[in-house]
Amino acid sequence: MATREAACSCGQLRLVAEGEPVRISICHCFACQRRTGSAFGFQARFPRDRVGIAGRASEYVRVSDEGEPRTYSFCPECGSTVYYVLASAPDVVAVPAGAFADPAFPEPGVSVWERHKHGWVTPPMSAERVS
């Protein structure tokens, strides 16, 4: 079984995920663009019972472009988001793929909120696309 380790920039907040993600996606919504400071968010979802978390976290709840609350957990020292939970899927933990710092991380299988996608972004051809 695969083990992946994620961490904030300073290493104080850490996460270990066992097994393969249940979903790997990119999101082009404006909220993800603002949260990441990039053109899209790139995240992997894991069953909560396969995720271990160590360190102190602060939380921020924001409402998605679809109106759903999401609780983001970030390091109070460096500000890096390490994981978040969607109100509609409390048994799943989403982890920004960059927190794994793994260039071999699998590509996304889903691309959502494409109506807000930057024109130069080209999701993988195999990704399911959702406007």
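Residues numbered from 1 in each chain as written. Predicted model: local features only at pLDDT ≥ 70, side-chain atom pairs only at ≥ 80, totals over all residues. Heavy atoms only, no water.

J.: What am I meant to see in the side chain of glutamine 33 here?
T.: Among the secondary structure elements, glutamine 33 is positioned in helix α1 (residues 30–36). On the basis of relative accessible area, glutamine 33 is assigned to the buried category, the value being 13%. (Helix = DSSP H or I, 4+ residues; strand = E, 2+ residues; numbered from the N terminus. Buried < 20%, exposed > 50% of the residue type's maximum accessible area, 1.4 Å probe, protein only.)

J.: Which parts of the structure should I look at to understand the environment of cysteine 75?
T.: Mapped onto the fold, cysteine 75 is located in the loop between β7 (69–74) and β8 (81–86). Spatially, the C-alpha atoms of cysteine 75 and serine 9 are 8.5 Å apart, while their sequence positions differ by 66 residues. Those residues within four positions of cysteine 75 in sequence are excluded, and the remaining contacts are Cys8, Cys10, Gln12, Leu13, Arg56 and Ser80. (Contact = heavy atoms within 4.5 Å.)

J.: So what exactly am I meant to see when it comes to the sheet that holds strand β5 (residues 51–54) here?
T.: The pairing of strands in a sheet happens through backbone hydrogen bonds and is either parallel or antiparallel. Here we have three strands laid out as an open sheet, ordered β1-β2-β5, and antiparallel in their pairing. The open sheet is flanked by β1 (3–7) and β5, the only strands paired with a single partner. Strand-to-strand twist across the sheet, computed as the mean angle between neighbouring axes with direction ignored, equals 15°. (Pairing = 2+ DSSP bridges. Axes fitted to C-alpha atoms, helices over the stretch in contact; angles between N-to-C directions.)

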